Amino acid sequence: RTPRIIAFELELLRRQGHYEKAIDESEKVLAINNLNQKDREKIGLGLARMQDHIGEYEKAFATAEVVSNSTPRAFDSDLYIKKADELMSFFDCNTLKNLAYSNSKSSRPIFIIGMPRSGTSMLEQIIASHPQGGGLGERQDPFILAEDLSYQLNQPFPMALTDARSDILDPLADRYLDMIKATGVAGDRIVNKALGLDLMVGFLTVLLPNSRFIWIRRNPADNLLSIFLHPVYKPWAWRLEDLIVVRQAHDSFCSHWLEEVPSRHLDVSYESLTKNQTAETNRVLAFLGLEPNPNTLSFHESTRTVMTPSA
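Residue positions within a chain follow its written sequence, with the count starting from 1. Note on the predicted model: pLDDT of at least 70 is required for a residue's local features to be given, and 80 or more for side-chain atom pairs to be given and counted; whole-chain, interface and lining totals, by contrast, use all residues. Note: side-chain values were computed over all heavy atoms of the structure, leaving out hydrogens and water.

## A look at unusual backbone geometry
Glycine aside, residues mostly have negative phi angles, and peptide bonds mostly take the trans form. Between Phe157 and Pro158 the backbone carries a cis peptide bond, its omega angle lying at 10°. Positioned with a positive phi, Arg117 is a non-glycine residue whose angle comes to about 60°. Look at Asn154: it is not a glycine, yet its phi comes out positive at around 55°. Along the chain, Asn154 falls in the loop between helix H8 (141–153) and helix H9 (166–183). Starting at the N terminus, helices and strands are each numbered in turn, a helix being any DSSP run of H or I of at least four residues and a strand any DSSP run of E of at least two.

Right, dumping it as structure tokens:
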């Protein structure tokens, strides 16, 4: 019975509702001294979520904290804040007017921008349930294309954009559109919801001039607690002080882009979407230029596979 098999057994017990037995078994496994770190994280945070489910909130938080403190992750919060401030300063209205844009006319690319555990998968499912919508999951192509641009012009991002001309940006835009075609995902609006896209909005603004951006934000306390109780493999996703820094930067990015390019950005509240499903869904569809469709209100019945942890 390897830790991987035990983790499956614990998940089965949880799904059957045998929480006390699953919690007891989890505690026994975590007492094993030579348990590797990845298994300790998965089983430990699974235990924390089960404790949370049965109302043992302080135990749940303490369990998650032990896992977090035992996880070696290097994150420089000061450097992250500096990087975020530099991006927002660079992409002001004057710079955006003077940068070259690609000649791409496609309005297919849509980007959902949110923190982990904030409703990005749910919103993608809603859009993908529309006959004219589709979803890519968390594709890393924007980050790769930005790296390629920096390499090609021998300039760090985002300064490379000051030297980028349309003839340089056009092949990169084509590569993104070719990726959509290669995946076989059909539709007039194709969603990418990769984590960290808040850092890429400026690049995508000039690369795909007809793309649109939907920001989904969840109550900060709920959002950060949910991340804290789940294995999210980002260097900033383990300690609350780091999570707070990244969430604050995320909110600043959202405010910045809503002010700079309001026509291409929509701010969606996770709580409003779940409480006022029809009105909020139709607001999202209108922003994307799509007609209301009943399929989007029964998105949970979709047979489409979700390939991220939100499955």
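## Observations regarding the pairing of strand S4 (residues 212–217)
Throughout this description, buried means an accessible area under 20% of the type-specific maximum (1.4 Å probe, protein chains only), exposed means over 50%, and partly exposed covers the range between. Of all 6 residues in S4, 5 are buried; the element is thus mostly enclosed. With 5 bridges connecting them, S4 and strand S5 (residues 265–269) associate as parallel partners. Residue pairing in the sheet places Phe213 in a bridge with His265 of S5. Whether two strands pair depends on DSSP finding at least two bridges between them.

## Notes on helix H4 (residues 57–69)
Here H4 is 13 residues long and its end C-alpha atoms lie 18 Å apart, about the 18 Å a rise of 1.5 Å per residue gives. What H4 keeps buried is the set Ala60, Thr63, Ala64, Val67 and Ser68. The arc that holds the buried residues of H4, viewed along the axis, is 135°, so those residues lie on one side. In this structure, H4 carries Glu58, Val66 and Asn69 as exposed residues pointing more than 90 degrees from its buried face. As for H4, its buried residues are in contact with helix H3 (37–53) and helix H11 (220–228). How far a helix is expected to stretch is found by multiplying one less than its residue total by 1.5 Å. This arc is built from the directions going out from the helix axis to the C-beta atoms. Contacts are residue-level and defined by heavy atoms, with any inter-residue pair within 4.5 Å sufficient.

## Notes on helix H14 (residues 277–287)
The set of residues buried in H14 consists of Glu280, Thr281, Val284, Leu285 and Phe287. Looking straight down H14, one finds its buried side chains confined to an arc of 160°; they lie on one side. Pointing more than 90 degrees away from the buried face of H14 are the exposed residues Ala279 and Ala286. Buried residues in H14 make contact with helix H7 (120–128), S4, S5 and helix H13 (270–275). Immediately beyond the C-terminal end of H14, within one or two residues, lies Gly289, with a positive phi of roughly 75°.

## Examining the environment of Ser89
Structurally, Ser89 is set in helix H5 (residues 77–90). What makes Ser89 exposed here is its relative accessible area of 52%.

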